[in-house]
Amino acid sequence: MSDREDNDALSDVSRDLGAMDGGIEPRGYAEVSFGPRLQFFTPPAGERWAYVIIHAATWLGIAAVAWLLAGVARRRGGSPFTSSNARRLTLAGGVLGIGSIVSSVGQHVVLGRMIASSTVADRVDQIGYDLFSLPWGGIAAGGALLAIAHVWRRGVALEQDVKGLV
């Protein structure tokens, strides 16, 4: 089958799928997706900015955690058990745990607003946010970092206690 025949076949499938839900698809357009999916072609400017901001904030939080952990690993010479490293670990755990919740709730709210103001609002049921929607992996990773920070603080105290003895 040539490329042209492939494109014509995709176009026919696309046209048939578009006709099923009453939509009109441009020629040569085809999309395959599994599960529910919505595309927003022209959301209002406020919703676009909210979408960009919540995703940018998420990536900034991830970058902050990476930078804080790199600060712990960057320490050369001497003991790694310092109060500044314990603070870095505590801050990284807090940013990861709380940030993952804020990001998840924020994305849910922004996408919910986008759906509510779209042309399909009357045909789409929004999924509620509940206990199972929480980002448990991010919360657990943040909690693990907080536990490590606690142990790290004890290591700092222990090191200061035995400093003159050894």
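Predicted model, so just to flag it, every value in this text is computed and none were measured. (Residues numbered from 1 in each chain as written. Predicted model: local features only at pLDDT ≥ 70, side-chain atom pairs only at ≥ 80, totals over all residues. Heavy atoms only, no water.)

Novice: What is the right way to read the confidence of the model for the protein chain from this model?
Specialist: Detail in the predicted coordinates should be disregarded across regions flagged by low pLDDT. On average, the protein chain scores 80 in pLDDT, and the residues at 70 or more come to 75%. Low pLDDT, under 50, characterises residues 6-20; the stretch is placed with 13 contacts to residues that sit more than four places away or in other chains. (pLDDT = per-residue confidence, 0-100. Contact = heavy atoms within 4.5 Å.)

Novice: Just to check I follow, could you spell out the side chain of S103 for this structure?
Specialist: As for its position among the elements, S103 is in helix α3 (residues 83-116). On the accessibility criterion, S103 (11% relative accessible area) is buried. Among the polar contacts made by the side chain of S103, one reaches the side chain of T58 at a distance of 2.6 Å. Filtering out sequence-adjacent residues up to four positions away, S103 remains in contact with I54 and T58. (Helix = DSSP H or I, 4+ residues; strand = E, 2+ residues; numbered from the N terminus. Buried < 20%, exposed > 50% of the residue type's maximum accessible area, 1.4 Å probe, protein only. Polar contact = N/O pair within 3.5 Å; in protein donor to acceptor, adjacent residues only side chain to side chain.)

Novice: Quick question: what am I supposed to make of the packing of aromatic side chains here?
Specialist: For any pair of aromatic rings, the description rests on two quantities: the centre-to-centre distance and the angle between the ring planes. Here the structure, examined in full by the defined rule, presents one aromatic pair. Aromatic side chains F81 and W152 sit 4.9 Å apart centroid to centroid with 40 degrees between the ring planes, which places their arrangement in the tilted category. Taken together, the residues F81 in the loop between α2 (45-74) and α3 and W152 in helix α4 (residues 136-161) connect sequence positions 71 residues apart. For W152, a relative accessible area of 17% gives the class buried. (Phe/Tyr/Trp six-rings, centres within 6.5 Å; stacked < 30°, edge-to-face > 60°.)

Novice: Mind showing me how you'd approach the packing of α2 against α3 here?
Specialist: Between two packed helices, the angle of one axis relative to the other and the distance separating the axes together describe the packing. As a packed pair, α2 and α3 sit with axes 9 Å apart at the nearest point and diverge in direction by 165 degrees. The orientation of α2 relative to α3 falls into the category roughly antiparallel. Between α2 and α3 lies a crossing whose hand is left-handed. Here the contact of α2 with α3 is composed, by residue class, of 16 nonpolar, eight polar and three charged. (Axes fitted to C-alpha atoms, helices over the stretch in contact; angles between N-to-C directions. Parallel < 35°, antiparallel > 145°, perpendicular 65-115°, else oblique. Left-handed = near helix turned anticlockwise from the far one by under 90°. Nonpolar A, V, L, I, M, F, W, Y, C, P; charged D, E, K, R; others polar.)

Novice: I'm lost on α4 in this one. Help?
Specialist: Residues lying three or four places apart along an α-helix face the same way, a consequence of the helix completing one turn every 3.6 residues. Taking 1.5 Å per residue, 26 residues should reach 38 Å; α4 reaches 37 Å between its end C-alpha atoms and fits that length. Listed as buried for α4 are G138, G142, L145, A149, W152, G155 and V156. Check the buried side of α4 and you find it contacts α2 and α3. (Expected span 1.5 Å × (residues − 1).)

Novice: Explain the nonpolar core to me, please; I cannot follow it from the model alone.
Specialist: In a soluble, globular protein the nonpolar side chains are often hidden away together inside. With ten residues, the main nonpolar core is built from V65, L68, V72, A86, L89, A92, L145, A149, W152 and V156. Every element with two or more residues in this core is listed here: α2, α3 and α4. At four residues, α4 tops the list of elements feeding residues into this core. Setting aside residues up to four positions removed in sequence, L68 forms contacts with R88, L91 and A92. (Core = buried A, V, L, I, M, F, W, Y, C linked by side-chain atoms within 4.5 Å.)

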